[in-house]
Amino acid sequence: MNKMKKYLVFVSVAFFAFISSCTNDTTFQSSQRDAAQRGRVLMQQVNELYATLNEMNYYFDYKREYLEILTKSDTSIVNLYSNINFNNLQLDSISDFVQKTSAVYQSYELLSDLTIGLEKSGIVYNIDRFCSLASSLNVSEDDKILIDQIYKAANSNKFERKDIILAVNQIFLKIFIEDIDKQSEILNHLFLAYDKGLKKVPNSAFDIQKVELLVNEPYSDSDVLLGLYKLQLRDDAYKKKQAVIGRIQSLKITAEKLNLLHAELLRKQKNNAEIARLLSDIDLVLNIEQ
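If you're wondering where the values come from, they're calculated on a predicted model, not measured in any experiment. (Residues numbered from 1 in each chain as written. Predicted model: local features only at pLDDT ≥ 70, side-chain atom pairs only at ≥ 80, totals over all residues. Heavy atoms only, no water.)

### A word on unusual backbone geometry
For step 1, the next point in the chain: A positive phi is found at Asn 83, a non-glycine position, where the angle reads about 65°.
For step 2, the next point in the chain: Within the secondary structure layout, Asn 83 lies in the loop between α2 (75–80) and α3 (88–110).
For step 3, the next point in the chain: A relative accessible area of 77% means that Asn 83 is categorised as exposed.
For step 4, the next point in the chain: One non-glycine residue, Asn 287, adopts positive backbone phi at about 60°.
For step 5, the next point in the chain: By the secondary structure assignment, Asn 287 is in the segment after α10 (272–286). (Helix = DSSP H or I, 4+ residues; strand = E, 2+ residues; numbered from the N terminus. Buried < 20%, exposed > 50% of the residue type's maximum accessible area, 1.4 Å probe, protein only.)

In structure tokens form, the structure reads like this:
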């Protein structure tokens, strides 16, 4: 009888341990899927941001030529734009890096399905490509060491996906923020150059009768109308610039919160309330509906 009781106790303990293990595994898979989905959507929107920067590059280049024509190639306009320009190769390189990071997140999301293994998910292949491109960018020696560790971990027998994805996100975050801050600075300088250049355009360059049709203000003085038209041109450029700067700031903050989410998921004692808050904040910016 005692043996039977011990057996029943053993079976009960084993059963509840099994249930607990399944629950934890299911929770992990759900958390992994949530984080991976946010990472994938964030990468898509960051890539769209870099496409917008390419558009802004064209926009302000057009504005520069516009000013040069209106001022009949005034050399002071050229000087205003001296050493202020986007590096197209850099924009393309970072955009490619973002796409490589996106591929890692896509594989990470696939792994939330228990029927899909490492090989089928393609995560090792995508991490290898991520590491190869990341190491070719302008990164510090410490970053290169971390990139090498990511590569070795991904190609080892023991694949700790939570550790690796956190490290991948840390490298992405550092490269992204460092680069996008430079792009923001260039964007601000381009606007300031355009603003100063616009003031150098003589009123004689404009047809007052056509300007009257473009300025919806109750004034008749031609100089006032021309001044208002220039102000209108400045305001249009300012709003375009600010829209991009605003998007940059919101995606920077979201990338930082995604990093915090990965770090929280790595803890043994997870703060579920904090995880929920971070997911909610990220979803709000990325426009993810649950």
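### Observations regarding the nonpolar core
Most often, soluble globular proteins keep nonpolar side chains buried together rather than apart.
For step 1, the next point in the chain: Counting residues in each nonpolar core, the largest one holds 78 residues, and the members touching the most others are Leu 42, Phe 97, Phe 172, Phe 176 and Leu 261.
For step 2, the next point in the chain: Mapped by element, the contributors of at least two residues to this core are α1 (2–70), α2, α3, α5 (123–136), α6 (141–154), α7 (161–199), α9 (222–266) and α10.
For step 3, the next point in the chain: If you tally residues by element for this core, the top one is α7, at 17 residues.
For step 4, the next point in the chain: Not counting residues within four places of it along the chain, the set of residues in contact with Leu 42 comprises Phe 172, Leu 251, Thr 254, Ala 255, Leu 258 and Leu 286. (Core = buried A, V, L, I, M, F, W, Y, C linked by side-chain atoms within 4.5 Å. Contact = heavy atoms within 4.5 Å.)

### A short note on the packing of α6 against α7
For step 1, the next point in the chain: It is at 10 Å that the axes of α6 and α7 come closest, and there the two elements cross at 150°. Classified by the angle their axes make, α6 and α7 are roughly antiparallel. Our pair here, α6 against α7, has a crossing hand that is left-handed. On α7, the residues that touch Asp 143, Leu 146, Ile 147, Ile 150, Ala 153 and Ala 154 of α6 are Ile 164, Ala 167, Val 168, Gln 170, Ile 171 and Lys 174. (Axes fitted to C-alpha atoms, helices over the stretch in contact; angles between N-to-C directions. Parallel < 35°, antiparallel > 145°, perpendicular 65-115°, else oblique. Left-handed = near helix turned anticlockwise from the far one by under 90°.)

### Concerning the environment of Ser 250
For step 1, the next point in the chain: Summarising the element assignment, Ser 250 is placed in helix α9.
For step 2, the next point in the chain: In the structure, Ser 250 is positioned 35 residues away from Val 285 in sequence and 7.0 Å away in space, judged by C-alpha atoms.

### Here we look at the side chain of Lys 63
For step 1, the next point in the chain: Looking at the secondary structure, you find Lys 63 in helix α1.
For step 2, the next point in the chain: Salt bridges are absent for the buried Lys 63, whose nearest opposite-charge side chain, Asp 236, sits at 6.6 Å.
For step 3, the next point in the chain: Every residue in contact with Lys 63, bar those within four places of it in the chain, is listed here: Tyr 81 and Tyr 194. (Lys, Arg positive; Asp, Glu negative; His and termini not counted. Salt bridge = Lys/Arg side-chain N within 4 Å of Asp/Glu carboxyl O.)

### Re the environment of Ser 204
For step 1, the next point in the chain: Relative to the helices and strands, Ser 204 resides in the loop between α7 and α8 (208–214).
For step 2, the next point in the chain: Under the relative-accessibility criterion, Ser 204 is labelled exposed at 68%.
For step 3, the next point in the chain: Residues Ser 204 and Asp 223, 19 residues apart in the sequence, show an inter-C-alpha distance of 9.9 Å.

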